[in-house]
Each structure stands twice: as structure tokens, then as C-alpha cells.
Amino acid sequence: QEKKEMYDANYIADIFYKLNSDPQDPKRKINHTKGFCASGTFEPTANITNAVDIPLLKQRSIPVEVRYSLGGASMDDKSKTRGMAIRLQGDKEQWTLVMTNSEILFAKNPEEFVQFLEMRIPVNGKVDTEKIKKVTQEVDSFRNYANFMNTIGISSLENTPFYSNHTFWFKTPKQKDLIPAKWKFIPKDGIKYLDEKELKNANKDFLTENFQTYTQAKPIEYDMYLVYPNKGDATDTPTALWKGKHKEALVGTLKVQQYQGMQCNKDVYFPADLPTGVEAPKDPLFDLRNATYGITFGRRQ
Ligand code: HEM
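Basis of the calculations
Residues numbered from 1 in each chain as written. Predicted model: local features only at pLDDT ≥ 70, side-chain atom pairs only at ≥ 80, totals over all residues. Heavy atoms only, no water. Near = heavy atom within 4 Å. Polar contact = N/O pair within 3.5 Å; in protein donor to acceptor, adjacent residues only side chain to side chain. Helix = DSSP H or I, 4+ residues; strand = E, 2+ residues; numbered from the N terminus. Nonpolar A, V, L, I, M, F, W, Y, C, P; charged D, E, K, R; others polar. Core = buried A, V, L, I, M, F, W, Y, C linked by side-chain atoms within 4.5 Å. Buried < 20%, exposed > 50% of the residue type's maximum accessible area, 1.4 Å probe, protein only. Contact = heavy atoms within 4.5 Å. Salt bridge = Lys/Arg side-chain N within 4 Å of Asp/Glu carboxyl O.

Moving on, we come to the site of the ligand. Within the structure, the ligand sits among 24 residues, and K29, R67, Y293, T296 and R300 are positioned closest to it. Between the ligand and Y293 there is a distance of 2.6 Å, counted from a nitrogen atom to a side-chain nitrogen or oxygen. In this structure, an oxygen atom belonging to the ligand sits 2.7 Å away from a side-chain N or O atom of T296. At the level of secondary structure, the elements contributing two or more residues to the shell around the ligand comprise α2 (9-20), β3 (82-89), β4 (94-100) and α8 (286-300). Considering every element that reaches the shell around the ligand, the biggest residue donor is α8, with six residues. Grouping the constituent residues of the shell around the ligand by class yields 11 nonpolar, eight polar and five charged.

In C-alpha cells:
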């Protein structure tokens, strides 16, 4: 029990600082550090509120702020993990969705989350890669995450999908109980990875460069789907990969049009910022996640 209480948001913020901070730039974001900002619109599917009772989605076109990022403190766009944080700014309500290009998180609880990060902190200037390899195979969540990441490649943003990881809870017009669903944003250009030649030609800022070139002609579009669990799919952990076919609902289309510089790198995006009709996940990490974002944002001020 004592151990559990140690792993609060402050403790986890400290770990991120040990892993990712830069003494030259002490006020930078310490996870998903490199990123850029964009804007666009979200156009809900007509009548989607017949499936889920979210009044925000009655608005025909909702302005959106977007922050694309790389995982960790990587400064190289040729790394694999991507983040997309978006804020739907409706006339009356807003909805912040904070996602990565992985369908699953690497940890099912605070203990695993801490273990995953702590083993990556250099000791006497050295990262213990042997230990990381060994523990990755030993812990189910770590191994499953590593296996998932091995199935994907390095992608440009118009070819990158983004996932909620967590299962959220949705109000429907007819049922009393909320229903569980994950969400995903699937690029209309399809999910594709850079081939060897493209990788060789890409530089460490290719994501921004590609985005700016692409959006001169047209927006990058993603279809947002709710994915409903099948019988037996776990809804109480961000580590569960829901395999096979699922019932889905097309919620709407995100169109990302305008590059907006780097100013939003200073901002924070709270995954618990939800509109009427959507409720928080019931897993052991969501609240801690939000509390940690608050702490690291606070330390930047
Ligand atoms: C469960 C799935 C998770 C996803 C999909 C996710 C995704 C992201 C993304 C996309 C960002 C960058 C947001 C931005 O653009 O500013 C971010 C930031 C961050 N994440 Fe997560 N994350 C997850 C879980 C967690 C958990 C469990 C923790 C810690 C308990 C955590 C700690 C952080 C921190 C400290 C930041 C920086 C926040 C800031 O200072 O602005 N993440 N995450």
C-alpha cells in the first residue's frame, strides 16, 4: 500500500523530468516535447446524435485546434511514436482528445507505468539496455506494447491513425446506462509507412515540412470512429488490444488545414476535458494521467 501512494502525479512528473528534461531549456514540455500546432474543423456525421447523445455534435462544423507531437523527448521526426491532441471548440462546449498512434498503452496501472519509465533513466550516464530488453519480455503489458509497435512503421501525418487507448463512456438517447467505446481517427489517405528510400530522404523535421506542403493543396482528413467492444473485450484497461471485427460508428471528419506555428507547445491538453454526453474511463491510469498533465504544465509556468 505504501508503495502505491508513492506513485502519485508528482512522483511521475519527477520521473519525466529525470528522463526528458533539458537543463538548457528547463521550461519545455517534458513529454511529447517536440510538436507543432495546426487548426481545422470537425464536421460531425449527420444524425450522429441518434447514436450518441453528445449535444456538441449537433453543431455542423466545429473549429479545432491541433497539436501534433513526437513521443517522449525525441527531436527526430524519424522516430516512431506520434501524438495528436485536439480541442473541439464548440459554441457552448469543448472536447479535448489526446491520442497516440498506438492502439494500446504500455502500462495497466501506476506501478507498471513507473517501472516502464524508471528503467529507462540513465544510471551514471548509462542506459541499461540489457535490463530494458529483459524486463520488456517479462512484463505482459510491456511485451504487448513492444509487439504492437513492431507492427507499425514511421509515417507522415496524412497517413497516421490516432487512438484513444482508454475506453470512454457515452450517453445514448435511448438507454439509461452509458455505453463503452474507444475512438480512433483514421486518415482518409490510408495508413502507410515510409519505405527505405523515403526514410533515407526524410530529415528530422519532415513531419512539419510534409504537413505544410500537403495542406497548401487540401486539408489532411481523418474519419473519427467510435469502436464498440465485443463480448470479452476489456474496457477497464488501456492495455487491451481489441482484436478482429468490431461494430463502429462514424462520428465525423476532422479536417486539418492550417499550420499554426509552435506557440501551442506551451499549452496543456487535459484528456478529462469532456463534453456533456461523454464520461471518463474507468481504468487505474486516467485520473493520474490528468493530474500529471496539470503538474507538468504548472512547472512550466
Ligand atoms: C493512456 C494513454 C495516453 C496517451 C494516448 C497519451 C498521449 C499524450 C499526448 C498526445 C501528449 C502530448 C499532448 C500535447 O500535445 O501537449 C501527452 C503528454 C503527456 N503525457 Fe500522456 N498519454 C497517455 C498516458 C499518459 C499517462 C498514464 C501519463 C502519466 C501518468 C502521461 C504523462 C504525460 C505527460 C506528463 C505529458 C506532458 C503534459 C504537459 O506537460 O503538457 N501520459 N500524452
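The structure having been displayed, the exposition proceeds.
In this structure, Y68, W95, F170 and F185 are the most contacted members of the largest nonpolar core, which totals 46 residues. Here the element with the most residues in this core is strand β2 (residues 62-70); it accounts for five residues. Filtering out sequence-adjacent residues up to four positions away, W95 remains in contact with I54, L56, I86, R87, L88, F170, W183, M224, D273, L274, P275 and V278. Y7, A9, L117 and M149 belong to the second largest nonpolar core, which has 27 residues in total.

A few words on the side chain of N165. Turning to its location among the elements, N165 is positioned in the loop between β5 (162-163) and β6 (168-170). Judged by its relative accessible area of 9%, N165 is buried. In terms of polar contacts, N165 uses its side chain to reach the side chain of T100, at 3.4 Å. A polar atom in the side chain of N165 sits 3.0 Å from the backbone nitrogen of L105.

This part takes up the pattern of salt bridges. The tally for this structure, following the rule as stated, stands at 15 salt bridges. The closest approach of N and O atoms between D22 and R28, which form a salt bridge, is 3.9 Å. Using a relative accessible area of 23% as the deciding quantity, one classes D22 as partly exposed. What makes R28 buried here is its relative accessible area of 17%. In this structure, E43 engages K255 in a salt bridge whose closest nitrogen and oxygen atoms are separated by 3.3 Å. On the criterion of sequence distance, the pair formed by E43 in strand β1 (residues 35-44) and K255 in strand β9 (residues 248-259) is long-range, its members being 212 residues apart. Overlapping salt bridges, with partners in common, bring together K34, D77, K204 and D205 in one network.

Scope: geometric values only; no functional claims are made or implied.
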